[in-house]
Amino acid sequence: MPARLPGKRVLVVEDNPALAYDIDDSLREVGAHVVGPALDLATGLKLARENHLDAAVLDIDLGRDFVWPLAHQLKGHDIPFVFVSAECGDKLPEDFRNVVCLDKPAPTRKILETVSEALASAKGD
């Protein structure tokens, strides 16, 4: 069954504009309200501070910055997130080894399913 995310507020942080907007479009197609997308860490942090979020999709390497400060912020507020990155594997800090990391290029359907699963796990379903 395809993922459905009606009304869920999902932050997208991805420095590749084409991929960011592809994820954005796909989330909207399943009913999510997309916050962003943010193309850099500073914008991602700002959007996370200024918006109620249900979940997030994060790239790890954002050019000049890594997403770790934002990931720590989300984790501290119990907001589930998934990584979609070429930096998966042993490069993940210990704090995030339990977070799903999908290797790029990840199929959009897999990203949506993983966000849906993260939300369900966060609620204890």
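The rules behind each value
Along each chain, the written sequence defines residue order, and numbers are assigned to residues from 1. Thresholds applied to this predicted model are a pLDDT of at least 70 for local features of residues and 80 or more for the giving and counting of side-chain atom pairs; totals over whole chains, interfaces and linings are not thresholded and use all residues. Excluding hydrogens and water, the side-chain figures rest on all heavy atoms present in the structure. Elements are defined by DSSP. Helices are runs of H or I of four residues or more, strands are runs of E of two residues or more, and each kind is numbered from the N terminus. The globule rule used here is 2.2 Å times the number of residues to the 0.38 power, and the radius of gyration it is set against is calculated over C-alpha atoms. Lining residues are those with an atom within 4 Å of a point, where the points come from a 1 Å grid over the protein atoms alone and group into cavities, where a 1.4 Å probe fits but cannot get out, or pockets, open sets with protein on both sides within 12 Å along at least five of seven lines. Grid points are joined across faces, edges and corners, and a volume is the space filled by probe spheres set on the points. Note on residue categories: nonpolar means Ala, Val, Leu, Ile, Met, Phe, Trp, Tyr, Cys or Pro, charged means Asp, Glu, Lys or Arg, and polar means any other residue, Gly included. Disulfides are defined in this document as cysteine sulfur pairs within 2.5 Å. For the exposure calls, accessible area comes from a 1.4 Å probe over protein chains only, and a residue counts as buried if that area is under 20% of its type's maximum, exposed if over 50%, partly exposed in between. In summary, the pairing rule links any two rings of Phe, Tyr or Trp, Trp by its six-membered ring, whose centres are within 6.5 Å, and it sorts them by plane angle into stacked for under 30 degrees, edge-to-face for over 60 and tilted for everything else. Whether two strands pair depends on DSSP finding at least two bridges between them. Between N-to-C directions, angles cover 0 to 180 degrees, with each direction set by a line fitted to C-alpha atoms, over the stretch in contact for helices. Contacts are assigned to residue pairs with any non-hydrogen atoms lying within 4.5 Å of each other.

### What about the overall build of the protein chain?
Next up, step 1: A tally of helices and strands in the protein chain yields four helices and five strands.
Next up, step 2: Its helices and strands taken in sequence order, the protein chain reads β-α-β-α-β-α-β-β-α from the N to the C terminus.
Next up, step 3: Here the C-alpha atoms of the protein chain give a radius of gyration of 13 Å, agreeing with the 14 Å that 2.2 N^0.38 yields for 125 residues.
Next up, step 4: In terms of overall dimensions, the protein chain has C-alpha extents of about 35 × 30 × 30 Å along its principal axes.

### Looking at the layout of surface pockets
Next up, step 1: By volume, the largest pocket amounts to about 280 Å³.
Next up, step 2: In terms of lining, the largest pocket is formed by 16 residues, of which the most central are Pro80, Phe81, Asn98, Val99 and Ala118.
Next up, step 3: Among the elements of the structure, helix 3 (68-76), strand 4 (81-85) and helix 4 (108-123) are those that each provide at least two residues to the lining of the largest pocket.
Next up, step 4: Here the element with the most residues in the lining of the largest pocket is helix 4; it accounts for five residues.
Next up, step 5: Here the lining of the largest pocket is built from residues that sort into nine nonpolar, three polar and four charged.

### Side note on the state of the cysteines
Among covalent bonds in proteins, the disulfide is the one between the sulfur atoms of two cysteines.
Next up, step 1: Counted according to the given criterion, the structure contains one disulfide.
Next up, step 2: The side chain of cysteine 88 participates in a disulfide bridge whose partner is cysteine 101; the two sulfur atoms lie 1.9 Å from each other. With the S-S bond torsion at -80°, the cross-link from cysteine 88 to cysteine 101 turns out left-handed. Separated by 13 residues along the polypeptide, cysteine 88 in the loop between strand 4 and strand 5 (101-103) and cysteine 101 in strand 5 bring together distant segments of the chain.
Next up, step 3: Judged by relative accessible area, which is 15%, cysteine 88 ranks as buried.

### A short note on the packing of aromatic side chains
For any pair of aromatic rings, the description consists of the separation of the ring centres together with the inter-plane angle of the planes.
Next up, step 1: Taken as a whole and judged by the stated rule, the model has six aromatic pairs.
Next up, step 2: Seen in terms of ring centroids, tryptophan 68 and phenylalanine 96 are 5.5 Å apart; in terms of plane orientation they differ by 10°. Their pairing is stacked. In this pair, tryptophan 68 is assigned in helix 3 and phenylalanine 96 in the loop between strand 4 and strand 5, connecting sequence segments 28 residues apart.
Next up, step 3: Each ring, one from phenylalanine 83 and one from phenylalanine 96, has its centre 5.9 Å from the other, and the planes form 85°; the classification is edge-to-face. Here phenylalanine 96 lies in the loop between strand 4 and strand 5 and phenylalanine 83 lies in strand 4, a separation of 13 residues in the sequence. Here the two residues phenylalanine 83 and phenylalanine 96 agree in accessibility, since each one is buried.

### What about the sheet that holds strand 1 (residues 9-13)?
Next up, step 1: The strand order across the open sheet formed by five strands is 2-1-3-4-5, and the pairing between neighbours is parallel. In the strand order of this sheet, the two ends are held by strand 2 (33-38) and strand 5, each with one partner. In this sheet, adjacent strand axes meet at a mean angle of 15° when their direction is disregarded.
Next up, step 2: With four bridges joining them, strand 1 and strand 3 (residues 55-58) adopt parallel strand pairing. Bridge pairing links valine 12 to valine 57 in strand 3.
Next up, step 3: Here helix 1 (residues 17-29) sits on the sheet and contacts strand 1, strand 2 and strand 3; the angle it forms with strand 2, its principal contact strand, is near 175°.
Next up, step 4: Running over the sheet, helix 3 touches strand 1, strand 3 and strand 4 and is turned about 160° from strand 4.

Read these as geometric descriptors, not functional statements.
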